[in-house]
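Breakdown of the fold
What follows is the residue order along each chain.
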Amino acid sequence: MPSAWRPYPEATAAPSPNPTDQLRFSTTLTLAAVPTAVGAARRYVRHELTSANLAALVDDAELVASELVTNAIIATGVMATEPKWPELEGLAVVRIRLGFSTSSVFIEVWDHDSELPVQQQSGEYAEGGRGLAIVASLCTRWNAQPAQDGGKAVWGELPKPVTQELPRRVPKRRHEPTGLRGTGPSNRVVDAARGGDTHA
Ligand SMILES: Nc1ncnc2c1ncn2[C@@H]1O[C@H](COP(=O)(O)OP(=O)(O)OP(=O)(O)O)[C@@H](O)[C@H]1O
Ligand SMILES: [Mg+2]
């Protein structure tokens, strides 16, 4: 497992749309490379993004994570839905990392296979080859790069929604005729004159 993963924008195919972008923090989850890891990764993504106030990105981020984790499991894990114990000997792990920068969320999945994936041109009737095309269409950038300590990381970048700060509402000052200010008897007199409740 890579001990010192470098920040994402290094070795990328496309330059960052925002060169001043800074990685603020990241979280990781390591999972056994079995099919149930896909659902676990989705729930993890949902939880982390919701906690970071980024619920608007959850659906896209879950989809990207599930495509990348599925690929990582196919490449390195056990695909049987109910594997027997002997099949689990030497079971690989995959690791998902979420990186939160000033303007983006990075979804990165590491596996121990050093083969870098290549996006396919899948035809209309092709059964597979769409996963990375989906990642490419949802993300502003994606890439795969060898990890320092072996294996590789495949990642995609989702831009944070631009939130426009609304001007703060200034409370309106109440303008009352000077004679009616206060809660004294004069108000009650006016209410009574309008036919209202005199027990204000
Ligand atoms: N983590 C990975 N490790 C090694 N090879 C990978 C990895 N991810 C993808 N690939 C390679 O890239 C190809 C394209 O991946 P992609 O996800 O687009 O399609 P797919 O997995 O073949 O089909 P689909 O995702 O539509 O079910 C894969 O067929 C595989 O050969
Ligand atoms: Mg795939």
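Parameters at a glance
- Residues numbered from 1 in each chain as written.
- Chains lettered and ligands numbered in written order.
- Predicted model: local features only at pLDDT ≥ 70, side-chain atom pairs only at ≥ 80, totals over all residues.
- Heavy atoms only, no water.
- Pairing = 2+ DSSP bridges.
- Helix = DSSP H or I, 4+ residues; strand = E, 2+ residues; numbered from the N terminus.
- Axes fitted to C-alpha atoms, helices over the stretch in contact; angles between N-to-C directions.
- Contact = heavy atoms within 4.5 Å.
- Near = heavy atom within 4 Å.
- Polar contact = N/O pair within 3.5 Å; in protein donor to acceptor, adjacent residues only side chain to side chain.
- Areas by Shrake-Rupley, 256 points an atom, 1.4 Å probe, with all protein chains shown as cover.
- Nonpolar A, V, L, I, M, F, W, Y, C, P; charged D, E, K, R; others polar.
- Phe/Tyr/Trp six-rings, centres within 6.5 Å; stacked < 30°, edge-to-face > 60°.
- Buried < 20%, exposed > 50% of the residue type's maximum accessible area, 1.4 Å probe, protein only.
- Arc of directions from axis to C-beta.

Notes on the sheet that holds strand S4 (residues 141-146)
Sheet architecture is open: five strands sit in the order S1-S2-S3-S5-S4, paired in antiparallel fashion. Bordering the open sheet on either side are strand S1 (23-32) and S4, each of which pairs with just one other strand. For this sheet, the mean angle separating the axes of adjacent strands, direction not counted, is 15°. In terms of strand pairing, strand S2 (residues 93-101) meets strand S3 (residues 104-111) through six bridges, oriented antiparallel. Counted as the bridge partner of glycine 99 is phenylalanine 106 from S3. In the packing of helix H2 (residues 58-76) onto the sheet, contacts are made with S2, S3 and strand S5 (152-159), and the angle to S3 comes to roughly 15°.

Digging into the site of ligand 1
Taken together, 16 residues lie near ligand 1, and Asn71, Gly129, Arg130, Leu132 and Lys152 sit nearest. One nitrogen or oxygen atom from the side chain of asparagine 71 is found 2.8 Å from an oxygen atom belonging to ligand 1. One of the backbone N or O atoms of leucine 132 is found 2.8 Å from an oxygen atom in ligand 1. Contact with the protein chains covers 71% of the free accessible surface of ligand 1, which is 590 Å². Looking at the shell around ligand 1, the elements with two or more residues in it are H2 and helix H3 (131-138). In terms of residue count, the dominant contributor to the shell around ligand 1 is H2 (four residues). Grouping the amino acids of the shell around ligand 1 by side-chain chemistry returns five nonpolar, five polar and six charged.

Considering the side chain of lysine 152
Following the sequence through the fold, lysine 152 ends up in strand S5. Reaching out from lysine 152, the side chain makes a polar contact with the side chain of aspartate 111 at a distance of 2.7 Å. A polar contact is formed between the side chain of lysine 152 and the backbone oxygen of aspartate 113, at a distance of 2.9 Å. In this structure lysine 152 touches Val109, Trp110, Asp111, Asp113, Ser114, Glu115, Leu116, Pro117, Gln145, Pro146 and Ala147, once residues within four positions along its chain are discounted.

What to know about the packing of aromatic side chains
For the structure on display, the rule yields two aromatic pairs. A ring pair is formed by phenylalanine 25 and phenylalanine 100, whose centres lie 4.6 Å apart and whose planes are at 10°; its orientation type is stacked. On the criterion of sequence distance, the pair formed by phenylalanine 25 in strand S1 and phenylalanine 100 in strand S2 is long-range, its members being 75 residues apart. Residue phenylalanine 25 is classed as partly exposed on the basis of its relative accessible area of 43%. Since its relative accessible area comes to 2%, phenylalanine 100 is described here as buried. Centre to centre, the rings of phenylalanine 106 and tryptophan 155 are 5.7 Å apart; their planes meet at 65°, and the pair counts as edge-to-face. One end of the pair, phenylalanine 106, is in strand S3; the other, tryptophan 155, is in strand S5, and 49 residues separate them in sequence. Grouping residues by exposure puts phenylalanine 106 and tryptophan 155 together as buried.

Description of unusual backbone geometry
Positive phi, normally seen in glycine, also occurs at asparagine 53, with a value near 65°. Its location among the elements puts asparagine 53 in the loop between helix H1 (36-51) and H2. Classification of asparagine 53 by relative accessible area gives exposed; the value is 72%.

Considering H3
Along H3, the residues that are buried comprise Gly131, Leu132 and Val135. When H3 is viewed along its axis, its buried side chains cluster within an angular range of 90° and face the same direction. For H3, the elements touching its buried residues are H2 and S4.

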